[in-house]
Amino acid sequence: MDNWPYIATANRACSLLYSYIKEHSSGKWILPVNVCPDVPLTFCLAKVDFTFVDIDHDTLCLDFEQVKEIISKEPDSYVGVLFVRTYGVLTDTIQDFRALKAIKDGLNIIDDRCLCVPERKPNMQGADMVLYSTGHCKQIDFNGGGLAFYQKDEKYLIDSSLYYDGSDEETAYKEAYKEGTPLRQIPIGWLKMEEYLTPVKYLDKIEAATKERIKQRERLNTIYKVNLTESIQMPDGFQTWRFNIRVPKELKMPILNSLFKNALFASSHYHSVNKLFDTQNYPVSDALSGSVINLFNDNYYNQEKALKTCKTVMNIMDKYKFTPPI
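No experiment lies behind these values; they were computed from the predicted model shown.

Caption draft 1: Spotlight on helix α3 (residues 64-73). Within α3 the residues assigned to the buried category are F64, V67 and I71. On an axial view of α3, the arc spanned by its buried residues comes to 55°, and they lie on one face. For α3, the exposed residues lying more than 90 degrees away from the buried face are E65 and K73. For α3, the secondary structure elements touched by its buried residues are β2 (28-32), β3 (50-53), β4 (78-84) and α4 (94-103). At the N-terminal boundary of α3, the capping side chain belongs to D63, with an oxygen 3.1 Å from the backbone nitrogen of E65.

Pasting the structure below:
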């Protein structure tokens, strides 16, 4: 299809991820610690070992220098690296991927672009798998669906023995985050693997939704850029999935609480996911988690709400400019 013979679709991106790592499970995988909790939980379901690595201070994506050091010390222990496009940032990683493969021949690299708009013919930049999602709150939101491109002939294999009972893993990990303790029990029974639309139908559906998605993003992002102080705005490359701001950690909860009080919405995203498994510290990811606020720029929001959001944020910033809360 369109010069891409190696392509698969499924009911969700985690189904495609599960299928792939089950076939490439002869060693450990490296994951960025700011990844969505469903990713390590998928590894747990597949019984594939993994280790977390912090993110880079500047790129906010996986710290390649740390990864190179880890793999160089134990090349036989690692079989793959999962790279996440933080907030949908689409930078050039060709040289970084190439450098990792030079250290470990046969290393598998998954490029997780679940917060990016899916492309019909993506530049894979040397990754072995490029993964997209059209699930809830993704850029193209069909409340389900995953798409994968491969460098080699990979098949989406449904594991008919994978236990499923409709369990809600999101409730489990959100409760753990709230309590500030690791998961008491790793969730099972939450991933149902199913077929989805054919690639041609799926990509046609995505393309039909993309134009309006981009228009809405530009409308709301313009409001945020004009009405929020520039010093708290993240660089443009991080402003596709949501419009992201970084504020002093003392102001994050006052801002969120004020937004909610005024019937407005925002999210506090990207906890360091290791908190679900252990108590280690990852300084860069922890700092990002403590300061970032995601402002909506999709069809769940409108221009009036975006303007009110800006006013609310700036009111809190001004209120605590010289006397931040204790």
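Caption draft 2: How the structure looks around the pattern of salt bridges. Under the counting rule described, the total for this entry stands at 17 salt bridges. We note a salt bridge from K174 to E170, for which the minimum N-O separation is 2.7 Å. One end of the pair, K174, and the other, E170, are both in helix α5 (residues 169-179), 4 residues apart, so they sit about a helical turn from each other. Classification of E170 by relative accessible area gives partly exposed; the value is 34%.

Caption draft 3: Spotlight on the environment of D56. Topologically, D56 is positioned in the loop between β3 and α3. Its relative accessible area of 22% is what places D56 among the partly exposed residues. When residues no more than four places from it in sequence are discounted, the contact partners of D56 are C61, L62, D63 and V284.

Caption draft 4: Fine view of the nonpolar core. Within the largest apolar cluster, 80 residues are counted, with the highest numbers of intra-cluster contacts made by L16, I21, W29, F43 and L82. By residue number, the principal contributor to this core is helix α1 (residues 13-23), which donates 7 residues. If you look at the next biggest cluster of nonpolar residues, it comprises 25 residues, including L220, L228, F296 and Y301.

Caption draft 5: Quick peek at the packing of aromatic side chains. Enumeration according to the criterion identifies 16 aromatic pairs in this entry. Taking 5.7 Å as the distance between ring centres and 75° as the angle between the ring planes, the aromatic pair formed by F50 and F277 counts as edge-to-face. Linking F50 in strand β3 with F277 in the loop between α7 (249-261) and α8 (283-291), this pair joins segments that are 227 residues apart in sequence. With relative accessibility at 17%, the residue F50 sits in the buried group. Here F277 falls in the partly exposed class, since its relative accessible area comes to 25%. Positioned above the aromatic ring of F142 is the side chain of K205, whose terminal nitrogen or guanidinium carbon lies 4.3 Å from the ring centre.

Caption draft 6: A look at the sheet that holds strand β5 (residues 108-112). Reading across the sheet, the 7 strands line up as β1-β7-β6-β5-β4-β2-β3 and stay open at both edges, with mixed pairing between neighbours. At either margin of the open sheet sits one strand with a lone partner, and together these are β1 (7-10) and β3. Here the strands of the sheet are splayed against their neighbours by 20° on average, with no regard to which way each runs. Alignment of β2 against β4, held across 3 bridges, turns out to be parallel. Following the sheet pairing, K28 is matched in β4 by Y78. Taken strand by strand, α1 contacts β1, β2, β4, β5, β6 (129-133) and β7 (146-150), and its axis lies near 155° from that of β6.

Caption draft 7: A look at the side chain of K104. Mapped onto the elements, K104 comes out in the loop between α4 and β5. Of the side chains with opposite charge, D76 lies nearest to the buried K104, which makes no salt bridge, at 5.4 Å. A distance of 2.8 Å separates the side chain of K104 from the backbone oxygen of P75, its partner in a polar contact. Apart from residues no more than four positions distant in its own chain, K104 is found in contact with I71, P75, D76, Y78 and V79.

The rules behind the values
Residues numbered from 1 in each chain as written. Predicted model: local features only at pLDDT ≥ 70, side-chain atom pairs only at ≥ 80, totals over all residues. Heavy atoms only, no water. Buried < 20%, exposed > 50% of the residue type's maximum accessible area, 1.4 Å probe, protein only. Helix = DSSP H or I, 4+ residues; strand = E, 2+ residues; numbered from the N terminus. Arc of directions from axis to C-beta. Contact = heavy atoms within 4.5 Å. Polar contact = N/O pair within 3.5 Å; in protein donor to acceptor, adjacent residues only side chain to side chain. Salt bridge = Lys/Arg side-chain N within 4 Å of Asp/Glu carboxyl O. Core = buried A, V, L, I, M, F, W, Y, C linked by side-chain atoms within 4.5 Å. Phe/Tyr/Trp six-rings, centres within 6.5 Å; stacked < 30°, edge-to-face > 60°. Lys NZ or Arg CZ within 6 Å of the ring centre and 35° of its normal. Pairing = 2+ DSSP bridges. Axes fitted to C-alpha atoms, helices over the stretch in contact; angles between N-to-C directions. Lys, Arg positive; Asp, Glu negative; His and termini not counted.

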